[in-house]
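Remarks on the overall topology
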Amino acid sequence: RASMQPAAPLPERQGGLPVHGVSNTVVGVLGGGQLGKMLCQAASQMGIKMVILDPLQGCPASSVCHEHVVGSFSDGDAVREFAKRCGVLTVEIEHVDAATLEKLEEQGFDCEPKASTIMIIQDKYRQKKHFSKFGIPLPDFMEVDTLHSIEEAGERFGYPLMVKSKRLAYDGRGNAVAQKKEDLSSVVASLGGFEHGLYVERWTPFVKELSVIVARSRDGSTVCYPVVETIHKDNICHIVEAPAEVSAKIKKSATDVAEKAIKSLEGAGVFAVELFLTEDDEILLNEVAPRPHNSGHHTIESCYTSQYEQHLRAILGIPLGDPSMKAPAAIMYNILGEDEGEAGFFLAHQLIERALNIPGASVHWYAKPEMRKQRKMGHITIVGPSKASVKSRLDKLLQRDTYDPK
Ligand code: ATP
Ligand code: MG
Ligand code: MG
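Summary of the structure given here. Because the structure is predicted, anything quoted here is derived from the model rather than measured. (Residues numbered from 1 in each chain as written. Chains lettered and ligands numbered in written order. Predicted model: local features only at pLDDT ≥ 70, side-chain atom pairs only at ≥ 80, totals over all residues.)

1. Considerations on the sheet that holds strand S3 (residues 67-70)
- Spatially, four strands are ordered S3-S2-S1-S4 in an open sheet, and the strand pairing comes out parallel. Both edges of this open sheet fall to S3 and strand S4 (88-91), since each of them pairs with a single strand only. Strand-to-strand twist across the sheet, computed as the mean angle between neighbouring axes with direction ignored, equals 25°.
- As paired strands, strand S1 (residues 27-30) and S4 are joined by four bridges and run parallel to one another. Directly across from valine 27, in S4, lies its bridge partner valine 88. (Pairing = 2+ DSSP bridges. Helix = DSSP H or I, 4+ residues; strand = E, 2+ residues; numbered from the N terminus. Axes fitted to C-alpha atoms, helices over the stretch in contact; angles between N-to-C directions.)

The following block contains the structure:
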């Protein structure tokens, strides 16, 4: 009978098989940390198969992915072998072998975002040069490769002077501050010397740090998440407030800068744009992450489409979801290791126990095999009817009288 016939031929994708559910495409992720884990959790809901490449047996994503391949994402051979299992390759960390990704693209493999994007971003100096070419507002910066050149930079930019490693940076590891000229040689030594590549940035006395997550689909269309404020402690993201408490005008300029920055890069996916807000309401770009980001954890509970689901939608070419918030306010608190080993687990567990009694609080525990000081072990997101209510619930969680993000 006519009603039994499909209206149109079934769309054919991988291997000519009809699509079952959301997508048949197997997603390969380089990296299996907490971001990879939350990507897999979003994929699981939609029945999307995820394979993970990560060197660590028992890495956070291993418990929720379809398959965990134990191997290094910075090893070309491992990445090439891994790619054969995947319909599309993506990353949850930028410190991967991007040269191999570029070769795979030449052979017709699908990498999202593009290898060119990962290459630009994984070298923070190259990233800064790229964005300055596209007219994105940035703190002044300069490459340094000798004591003489860094002293020159100190004279030009003044002190404190921010000294950064070009590569392999995360959680502020790779950054050091020189308070005066006399500190320069010890600061350089603390970053391993000039041979691995250093550059400096003018110190930005920001009033707030903001972040905007931009999603771009394969067809080039973009959507932006609400601007959030990120509060760092010892250079590590500690608290995220959503939405940021800034004027509509600042929200617009932050979103404009973020979107312009992402439009200068190639490929699909979500991108996080870390920004500084200065005293005179100027927005400067700090750095971009070509993947889901700590500043977007809250979207799991607070937005219609989480950044993780959005990343999958973007790289698979299915329609982008609604990035807007479904709750009036959210606050995200990172559970950082406060001590090594069992003592650290005990402290984290006390916090989790309190969170389980707070309305609107969701606990995420990454189940990392080892507890270390300052390591991101989990996070807690609190959603609620107002900014004031989520802040006071956080105060209750942290057993303090008044809200003080620092
Ligand atoms: P991430 O974990 O976000 O990748 P990272 O190791 O790449 O961090 P950055 O983002 O470069 O480090 O810097 C970490 C933090 O240091 C920033 O969020 C900000 O608080 C501070 N910071 C960075 N650059 C500057 C600057 N030029 N002036 C003042 N503070 C800065
Ligand atoms: Mg970084
Ligand atoms: Mg950063």
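Picking up after the structure, the text goes on.
2. Notes on the pairing of strand S13 (residues 269-277)
- Counting buried positions over the nine residues of S13 gives nine, a clear majority of the element.
- Taken together, the nine bridges between strand S9 (residues 208-216) and S13 define a ladder with antiparallel strand orientation. Among the inter-strand pairings, leucine 210 is bridged to a residue of S13, identified as leucine 275.
- Where S13 and strand S14 (residues 283-289) come together, six bridges link them in antiparallel fashion. Directly across from valine 273, in S14, lies its bridge partner valine 288.
- Connecting S13 to the next strand, S14, in antiparallel fashion are five residues, including aspartate 281 with a positive phi near 60°. (Buried ≥ 20, exposed ≤ 12 C-beta atoms within 10 Å, placed from the backbone.)

3. Considering helix H3 (residues 98-106)
- Taken together, the buried positions of H3 are Ala98, Thr100, Leu101 and Leu104. Burial along H3 is one-sided: seen end-on, the buried residues are contained in an arc of 155°.
- Where the residues of H3 are buried, they touch helix H2 (76-83), S4 and helix H4 (115-122).
- Directly after H3, the chain includes glycine 108, whose backbone phi takes a positive value near 100°. (Arc of directions from axis to C-beta. Contact = placed C-beta atoms within 7 Å.)

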